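An overview of the molecular structure
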Amino acid sequence: MKRLREADPNLMANLKKYLDPELYAYAEEKLEQFWQLCMTDIDRRAVHTDREGQPRLIKYDRFGNDVSEIWVNEGYRQTVNQTYETGIVGYVHKDIPELRRKGNYIYSYAQGYLLSQVEPGFYCPVTLTMATAYLLEHFADEELKNKYLPHVISTGEIELYEGATFLTERQGGSDVGANEVRAVPCGDHYQIYGEKYFASNAGMCGVATVLARIDGSEPGTKGLSLFLVPWRNEDGRLNGIHIRRLKDKLGVRAVPSAEVVFEGAKAYLIGDAKKGFYYMMEALNLSRVCNAVASIGIMKRALDEAKQYASNRSAFGQKLTSYPMVQETLANLTARQEVQTSACFELISFFDRVMRTPEQASEEEKAWNRLLIALLKMRTAEEAIAFAHEAIEMHGGNGYIEDFVTPRLLRDAQVLTVWEGTANILGLEVLRLMRKYRVHEMFIQTMNEELAKLPAAVRALAAPVENGLNELVQSLQQLNGQPEQVQTYHAKKIANRLCDLYLSIIALKDAQESERKQIIARLFLQHIWNDDLFDRDMLSVQYFDLVMNEKNELGVR
């Protein structure tokens, strides 16, 4: 099996760019170990969990008592323990023992990227635990934080409490302001009543963060407060919580998603009672980055499966990779995956600073962070589905057979367009940022500055990007002052164009690194901006060997 730096030099190049030398050296060693574990044991367990070992609800014990326990297979439990012990959550918040310093989100998301290539279903509970840890560290009082945070960020030294974030209600969905779950004051705590309709990691989490409305609070999102709800009481019994049923999902079957009913569950208020929705939206930003990371992970696995199959499969007397249309597909997918991975890690580097020290970030920086998160979450989720589809088609009939990983990749990818906000919701988020922070003006200025910094040889490739930027400016001028219906109609279109431009700039910046990266940029720009029927250059065929041989071009031996 390949070493990680040979299998994914683009990842390692990005980490070297954004991690300091000490943390990079540590990450290089530990990610290699985790990569080997992911591609062997965790991958095999994921197949079993998806097919035969899905979570099951044990509703009643032998005496007829409602125990609402979730059974998961032993292999899944091993994956849980091994993954959290790497510090994928913990080392964002506490010191890495070998270094005597904290890690960061860049390292954590690199781990998530590797995990998502083999078990994106389990990366959901990891994401929820990351979000729970963030909420506790940044918004909980010291007593609550000291009692629960060490368990949520455990790397094996004490009992692990996985986390969960329960937002969705039957009548709410994306309209969180319609939520009705109640919180009743009860001395030094609250009691929660009501139902959460799509509660992931139910029964596996030790604690859940739950949005609820304190009796007498105003309607809408302003009346929502955030609570920490232990799954069990200190005596081990359920904390006034029952599971009605598990959801029978298309994919990501590793994570138990349930309808959860609260009947007087003991709960503790997190932070200011009037800021619950704000707190949860901060956690949602984190989860959206996780969603993008899971997407580029699935993209990478789908690409690798397609490349391996095409390299070994013969048809009509030749390897598939000798055919121009196959070369075009593989080269095009390679360019798209590398550019979007680079974009995600540039975002993550910025996100790491804004989220870990929010008090030092300006409102403009926070708005920029939210903009890039929305754009990349939206685009990468759609791309994950496209990549899984292409991998299936490359395999032909075999790609549709569950003996291969490709059907699971497609099933697991599909949810990523829905989790943490659909494309429509993200388009509206971009529109809100434009109205409140004039973020589009910041975007246009930044893109122009990045173009101006490019060396002449790379700038020569940028004509379609400059034209796209000019078209954006003209469209925004036309949109200004239009009725609400017109603006919301165009929100997703504008968001997609912003993403096209941002990714194109990333490709051009990377093009300065090598001849191969310049070809990658040309392929990517052609994919985004060129709709000519006749392709005179046929770059994907002309430079196929160079594009596929990324390790030498990036200096990896």
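Residue numbering note: each chain is counted from 1, following its sequence as written. Local features in a predicted model are, by the rule used here, given only for residues with pLDDT of at least 70; side-chain atom pairs are given and counted only at 80 or more, and totals for whole chains, interfaces and linings are based on all residues. Excluded from the side-chain calculation are hydrogens and water; included are all heavy atoms of the structure.

Per an unreviewed UniProt entry, the protein chain carries the name Alkylation response protein AidB-like acyl-CoA dehydrogenase and comes from Thermolongibacillus altinsuensis. UniProt positions are given in the numbering used here, feature names are shortened, and annotations may be inferred rather than shown by experiment. On record in UniProt, under Cofactor (unreviewed entry), the comment for the protein chain is "FAD". UniProt lists a comment for the protein chain under the heading Sequence similarities (unreviewed entry), and it reads "Belongs to the acyl-CoA dehydrogenase family."

**Concerning the UniProt feature "domain: Adaptive response protein AidB N-terminal" (unreviewed entry) in the protein chain**
Those residues carrying the UniProt feature "domain: Adaptive response protein AidB N-terminal" (unreviewed entry) are residues 24-154 in this numbering. With 63% helix and 11% strand, the stretch residues 24-154 has end C-alpha atoms that lie 23 Å from each other. Strands are runs of DSSP state E lasting at least two residues, helices are runs of H or I lasting at least four, and both sets are numbered from the N terminus onward.

**Regarding the state of the cysteines**
In what follows, a disulfide is any cysteine sulfur pair within 2.5 Å. What the rule picks out here adds up to 0 disulfides. With no disulfide of its own, cysteine 205 lies 11 Å from the sulfur of cysteine 124, the closest cysteine sulfur. Only protein chains enter the accessibility calculation, which uses a 1.4 Å probe; a residue is then buried when its area is under 20% of its type maximum, exposed when over 50%, and partly exposed in between. Of the residues examined, cysteine 205 reaches a relative accessible area of 4% and is grouped as buried.

**Regarding the UniProt feature "domain: Acyl-CoA oxidase/dehydrogenase middle" (unreviewed entry) in the protein chain**
Per the UniProt record, the feature "domain: Acyl-CoA oxidase/dehydrogenase middle" (unreviewed entry) sits at residues 164-263. Annotated as residues 164-263, this span is 0% helix and 47% strand, and its ends, taken at the C-alpha atoms, are 18 Å apart.

**Brief notes about the pattern of salt bridges**
In the sections that follow, a salt bridge refers to a side-chain nitrogen of Lys or Arg positioned within 4 Å of a carboxyl oxygen of Asp or Glu. For the coordinates displayed, the defined rule picks out 44 salt bridges. We note a salt bridge from aspartate 43 to arginine 301, for which the minimum N-O separation is 3.3 Å. Of this pair, aspartate 43 sits in helix α3 (residues 21-51) while arginine 301 sits in helix α8 (residues 276-312), and the two are 258 residues apart along the sequence. Residue classification places aspartate 43 among the buried residues on the basis of a relative accessible area of 13%. The class for arginine 301 is buried, based on a relative accessible area of 6%. Between arginine 237 and aspartate 235 there is a salt bridge, with the nearest N and O atoms lying 2.8 Å from each other. Since its relative accessible area comes to 59%, arginine 237 is described here as exposed.

**Quick word on the domain arrangement of the protein chain**
Boundaries of every domain are those given by an automatic assignment or by a domain database. Domain parsing of the protein chain yields domain 1 (4-153), domain 2 (163-273) and domain 3 (433-552). Here the C-alpha centre of domain 2 lies 23 Å away from the C-alpha centre of domain 1. Facing the 33 residues of domain 1 at the interface are 30 residues of domain 2. By buried area we mean the combined loss of accessible area, with a 1.4 Å probe, across both parts when two parts are placed together. Summing both sides of the interface, domain 1 and domain 2 together bury roughly 2,500 Å²; the carbon and sulfur share of this comes to 69%. When the area that domain 1 buries against domain 2 is broken down by residue, the three leading residues are Ile70, Leu128 and Tyr148, summing to 20%. The tally of links from domain 1 across to domain 2 stands at 2 salt bridges. A salt bridge links lysine 147 to glutamate 234, with the shortest nitrogen-to-oxygen separation between them at 3.5 Å. Listed by contribution, the elements that provide at least two residues to the side of domain 1 that touches domain 2 are α3, β1 (56-60), β2 (66-71), α4 (74-85), α6 (120-139) and α7 (142-152). Contacts are residue-level and defined by heavy atoms, with any inter-residue pair within 4.5 Å sufficient.

**A look at the environment of tyrosine 400**
Structurally, the position occupied by tyrosine 400 is in the loop between α10 (363-395) and α11 (406-414). With a relative accessible area of 68%, tyrosine 400 lands in the exposed category. In this structure, the C-alpha to C-alpha distance between tyrosine 400 and histidine 389, residues 11 residues apart in sequence, is 9.9 Å. Not counting the four nearest positions on each side in its chain, tyrosine 400 is found in contact with Ile392 and Pro407.

**Regarding the side chain of lysine 145**
Tracing the chain through its elements places lysine 145 in helix α7. Residue classification places lysine 145 among the buried positions, given a relative accessible area of 16%. In this view, lysine 145 contacts Leu136, Glu137, Ala140 and Pro150; residues no more than four positions away in its chain are not counted.

**Quick notes on α7**
Looking at α7, one finds that the buried residues are Leu144, Lys145, Tyr148, Leu149, His151 and Val152. Angular distribution of buried residues about the axis of α7 spans 155°; they occupy a single face of the element. Exposed and oriented more than 90 degrees from the buried face of α7 are Glu143 and Asn146. Where α7 is buried, its residues touch α6, β8 (207-214), β9 (224-230) and β11 (257-269). In this structure aspartate 141 caps α7, since a side-chain oxygen of it lies 3.2 Å from the backbone nitrogen of glutamate 143. This arc describes the spread of directions from the helix axis toward the C-beta atoms. Think of a polar contact as two N or O atoms within 3.5 Å of one another; within protein, one of them needs to be a possible hydrogen donor and the other a possible acceptor, and neighboring residues in sequence only count if both atoms come from side chains.

**Overview of the packing of helix α15 (residues 463-479) against helix α16 (residues 484-510)**
Where α15 contacts α16, the axes come no closer than 10 Å and their chain directions differ by 160°. Of the possible angle classes, the one that applies to α15 and α16 is roughly antiparallel. Crossing geometry of α15 relative to α16 is assigned as left-handed. Within the contact between the two elements, α15 uses Val465, Gly468, Leu469, Glu471, Leu472, Leu476 and Leu479 and α16 uses Val486, Gln487, His490, Ile494, Arg497, Leu498, Leu501, Ser504, Ile505 and Leu508. Lines fitted to C-alpha atoms define the axes, with helix axes restricted to the stretch in contact, and inter-axis angles between N-to-C directions lie between 0 and 180 degrees. Between 65 and 115 degrees an angle is taken as roughly perpendicular, under 35 as roughly parallel, over 145 as roughly antiparallel, and anywhere else as oblique. Each crossing gets its hand from how the near helix is turned against the far one by less than a right angle, where anticlockwise is left-handed and clockwise is right-handed.

**A few points about the pairing of strand β7 (residues 189-200)**
As defined by bridge partners, strand β6 (residues 182-186) adjoins β7 across 5 bridges and the pair is classed as antiparallel. By the bridge assignment for β7, proline 185 is matched with tyrosine 190. Only strands that DSSP links by at least two bridges are regarded as paired with each other. Taking the residues between adjacent antiparallel strands as the criterion, β6 and β7 are bridged by 2 residues, where glycine 187 takes a positive phi near 70°. Of the strand pairs in this sheet, β7 and β11 are connected by 9 bridges, and their pairing is antiparallel. Looking across to β11, one finds that glycine 194 is bridged to phenylalanine 262.

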